[in-house]
Each structure stands twice: as structure tokens, then as C-alpha cells.
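# Structural features, examined
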Amino acid sequence: MSIEQSNCIRRFTRLCSDGYEQGWHEGNGGNLSYRMSAEDIEVCMPYMDAKGNPWIENGVTVPNLAGSFFIVTGAGKYMRKVSIDLHTNIGIVEINQDGTAYRVVWGFTDGTQPTSEFCAHLLTHSANVANGHEEDRVVYHAHVSNSIALANVVPADSRTITRIIWKSMAEAIIMFPEGIGALGFYAPGSTDVAHANAELMKTHRCAIWAHHGAILTASTFDQAFGMMQTLEKSAGIYTACRAMCGGTEPLQLLTDDQLRAICASNDIKPNTAYLD
Ligand code: 13P
Ligand code: ZN
């Protein structure tokens, strides 16, 4: 077996390609990270070698991720190219025992470093571990057009965005019972966006970053893809409905009682802060 055949690398690569094919990753847009399980580490260990690579400051301190290994896309790299040239476009990094720095142990063969959003990814993984959501190992950021369009028009606050996503399509609330977080404008790749996003990720699994895209955390690569697709589809339905209504609020969105009925019949407990 080669490392390319390991489940974690194959599934990671597949999400990069699936997201690209959806049109979510123009240029180097978007990034992906995965906190490897003990089993993944055991399978990949024969291929990992720090080769004297330096420890590089994370920019954030994540003590509860000390010693963790992450598969991650490279800064400036194209999702389109991941399946074509794995070794330069993705890498595996190890976090040091203080949770302050990482070093490359596989991949990034052209000297690339992890995504410029690595701080946002690390703080999201850290929030997952802190909140007992260890099963959420995937963090995925995509430049999803309809979700960006939505937050260009309506206020980028979590309640407004959540209600639109829930009310535009019956099963969105089943996918996102905790709702959708929303952030206003932040410079991409900044530690400010990483910290603001981490606050939202303590209580949400998905957030829209105004003018930029969306980020979410999931337990599997398939779930991450499904969540991003659901968010983007619901945002697209709302924007289409609004255009059909001459730019005004669509009249027949799901009501709050209908949302409660969907939750009751699916045994879902929604975040009631976002219901009237
Ligand atoms: P990276 O190429 O550094 O991952 O940046 C892409 C991006 O989407 C930044 O938000
Ligand atoms: Zn981005």
C-alpha cells in the first residue's frame, strides 16, 4: 500500500475534487483540513518523516491539539490540482507539545506551507475538542457563490442568515439544527477572522463569512460536502425566489410552525434562539 491509497488521503482528495466540480474553488479559493485519527496516523506513519523540517509558529496557541496530526491543503494551492499532484498541493503537519507550532512531516514537497486560513482551521478543531465534539475531524472552507451573494444583500448576522437558510428549503434545518453563524467582513487569512469564527464555532457547525464564503466542521468528508451543498442550495433558492419577487422578501417561505413540525417529525432539537 502507498499513502495515496489510505482512506484518509483518498477521501480528503475526493472532497477537494467534488468541491472544485461544484464551482466552489476558483483559483486557490477554499481550503480543507482533517485531524487524523490514531488509526490514520498508524497507517500513514511509515511515510511520514520530519526530515529536520523546522517548527513554525501557528500564530495561535491550541494546547488541546498538542501532538495532533493534520492533513491540510497548501497556501496558494488550487483544489483543482490536488488529485493531479498530491505531494505539492497537500501535506501532513504535526503540532508540537505546547500547541504553538507545527512542522511538515509529509507532502508540501515544493516547500509550501499550510493554508493561510490555518489559524481558523486550528481554532475550529480546538473548539471541537474543547466542546466534546471530537468526532468532528473535518474543517472545510469554500467560496460558495449563493451564500456570498446572500450576505451581500441581507445583514450578516446569525439569526437573519439562519432563518433564511432554514425557511427556504424544508430539510436545511435537519442538516443545521444549531443554525448558521455569520460574520461581517474580515480580511481573509487574518487571525481576527480565525478568532471571531472560533467564537461562532463553539455553538455552530457552519458559518458564512460575508463577502468571502463559508466554513464548516463535520465528522466525515461526505458530511462536509453534504453540508456545504445544503447551505449553498438553500441560499440559491432564496436568492432566486427573491429575484422572482422583484427583490422583495419571498412571501411563502416556511413558517416557524412548519419548521417546528419538521423538527418534531425528525426528532431534531433546533436552536430555539433562531425561532420566533
Ligand atoms: P489559501 O490558498 O491560503 O488556502 O487561501 C485561500 C482562501 O480561500 C483564503 O480564504
Ligand atoms: Zn477563502
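The structure contained in this document is the topic of the report that follows. What you are looking at is a predicted structure, and each value in this text was computed from that prediction instead of being measured.

## Overview of the site of ligand 1
Neighbouring ligand 1 are 14 residues, the closest being Asn28, Gly76, Thr115, Ser116 and Glu117. Take Gly30: an N or O atom from its main chain is 2.9 Å from an oxygen atom of ligand 1. Side-chain polar atom of His141 to an oxygen atom of ligand 1: 3.3 Å apart, as the coordinates give it. Against a free-state accessible area of 310 Å², the protein chains account for coverage of 93% of ligand 1. Considering only residue class, the shell around ligand 1 consists of one nonpolar, 11 polar and two charged.

## Regarding the coordination of the zinc ion (ligand 2)
Each donor-metal-donor angle in an ideal tetrahedron of four donors is 109.5 degrees, and each such angle in an ideal octahedron of six donors is either 90 or 180 degrees. Looking at the zinc ion (ligand 2), one finds its protein donor set to be His141 (NE2), His143 (NE2) and His212 (NE2), positioned 2.0 to 2.1 Å from the metal centre. Mapped onto the sequence, the donors of the zinc ion (ligand 2) take the spacing H-x1-H-x68-H. Here His212 lies in the loop between strand 8 (206–209) and strand 9 (213–218) and His141 lies in strand 6 (residues 138–142), a separation of 71 residues in the sequence. The exposure class of His141 is buried, given its relative accessible area of 1%. On the basis of relative accessible area, His212 is assigned to the buried category, the value being 10%.

## Notes on the sheet that holds strand 7 (residues 181–183)
The strand order across the open sheet formed by nine strands is 2-5-4-3-1-6-9-8-7, and the pairing between neighbours is mixed. Every interior strand has two partners, whereas the edge strands, strand 2 (56–57) and strand 7, have only one. Note that strand 1 (residues 31–35) and strand 3 (residues 69–73) share three bridges and pair antiparallel. Counted as the bridge partner of Ser33 is Val72 from strand 3. Contacting strand 1, strand 3, strand 4 (90–95), strand 5 (101–107), strand 6, strand 8 and strand 9, helix 5 (residues 118–130) runs over the sheet at an angle of about 35 degrees to strand 1.

## Some details on helix 1 (residues 7–21)
Taking 1.5 Å per residue, 15 residues should reach 21 Å; helix 1 reaches 21 Å between its end C-alpha atoms and fits that length. Burial in helix 1 covers these residues: Cys8, Ile9, Phe12, Thr13, Leu15, Cys16, Ser17, Asp18 and Gly19. The positive-phi residue at the C-terminal boundary of helix 1 is Gly23, with phi of around 85 degrees.

## A look at the pattern of salt bridges
Across all of its chains, the model carries 11 salt bridges by this definition. Across the pair Glu249 and Arg242 runs a salt bridge whose closest N-O atoms are separated by 3.9 Å. We classify Arg242 as partly exposed; its relative accessible area is 22%. Here the residues in one salt-bridge network are Arg159, Arg163, Lys167, Asp256 and Asp276, joined through shared partners.

## Description of the packing of helix 5 against helix 9 (residues 191–201)
At their nearest, the axes of helix 5 and helix 9 sit 8 Å apart, and the two run at 25 degrees to each other. The orientation of helix 5 with respect to helix 9, classified from their angle, is roughly parallel. Helix 5 and helix 9 meet at a crossing whose hand is right-handed. On the side of helix 5, the interface is formed by Cys119, Ala120, Leu123 and Thr124, while helix 9 contributes Thr191, Ala194, His195, Asn197, Ala198 and Met201. Taken together, the residues of the contact of helix 5 with helix 9 sort by class into six nonpolar, four polar and no charged.

## Quick word on the layout of surface pockets
Of the volumes computed, that of the largest pocket is approximately 380 Å³. Considering the residues around the largest pocket, the lining is formed by 19 residues, among which Asn7, Cys8, Arg11, Tyr34 and Phe221 are closest to the centre. Within the residue set of the lining of the largest pocket, elements represented by two or more residues are helix 1, helix 2 (38–44) and helix 10 (221–244). A per-element tally of the lining of the largest pocket places helix 1 first, with six residues. Along the lines of polarity and charge, the residues of the lining of the largest pocket split into eight nonpolar, five polar and six charged. Space inside the second largest pocket adds up to approximately 220 Å³. Along its surface, the second largest pocket is lined by 18 residues, and Lys51, Asn53, Val104, Gly107 and Phe108 are the ones closest to its centre.

## Some thoughts on the environment of Asp49
Here Asp49 lies in the loop between helix 2 and strand 2. When near neighbours in sequence (up to four residues on either side) are disregarded, Asp49 contacts Val104 and Val105. A polar contact of 2.9 Å, which involves the side chain of Asp49, links it to the backbone nitrogen of Lys51.

Calculation rules
Residues numbered from 1 in each chain as written. Chains lettered and ligands numbered in written order. Predicted model: local features only at pLDDT ≥ 70, side-chain atom pairs only at ≥ 80, totals over all residues. Heavy atoms only, no water. Near = heavy atom within 4 Å. Polar contact = N/O pair within 3.5 Å; in protein donor to acceptor, adjacent residues only side chain to side chain. Areas by Shrake-Rupley, 256 points an atom, 1.4 Å probe, with all protein chains shown as cover. Nonpolar A, V, L, I, M, F, W, Y, C, P; charged D, E, K, R; others polar. Donors = N, O, S within 2.8 Å, 3.2 Å for Na, K, Ca; no water. Helix = DSSP H or I, 4+ residues; strand = E, 2+ residues; numbered from the N terminus. Buried < 20%, exposed > 50% of the residue type's maximum accessible area, 1.4 Å probe, protein only. Pairing = 2+ DSSP bridges. Contact = heavy atoms within 4.5 Å. Axes fitted to C-alpha atoms, helices over the stretch in contact; angles between N-to-C directions. Expected span 1.5 Å × (residues − 1). Salt bridge = Lys/Arg side-chain N within 4 Å of Asp/Glu carboxyl O. Parallel < 35°, antiparallel > 145°, perpendicular 65-115°, else oblique. Left-handed = near helix turned anticlockwise from the far one by under 90°. 1 Å grid on protein atoms, 1.4 Å probe; cavity = no way out; pocket = protein on both sides within 12 Å on 5 of 7 lines; lining within 4 Å. Points joined across faces, edges and corners; volume = space filled by probe spheres on them.

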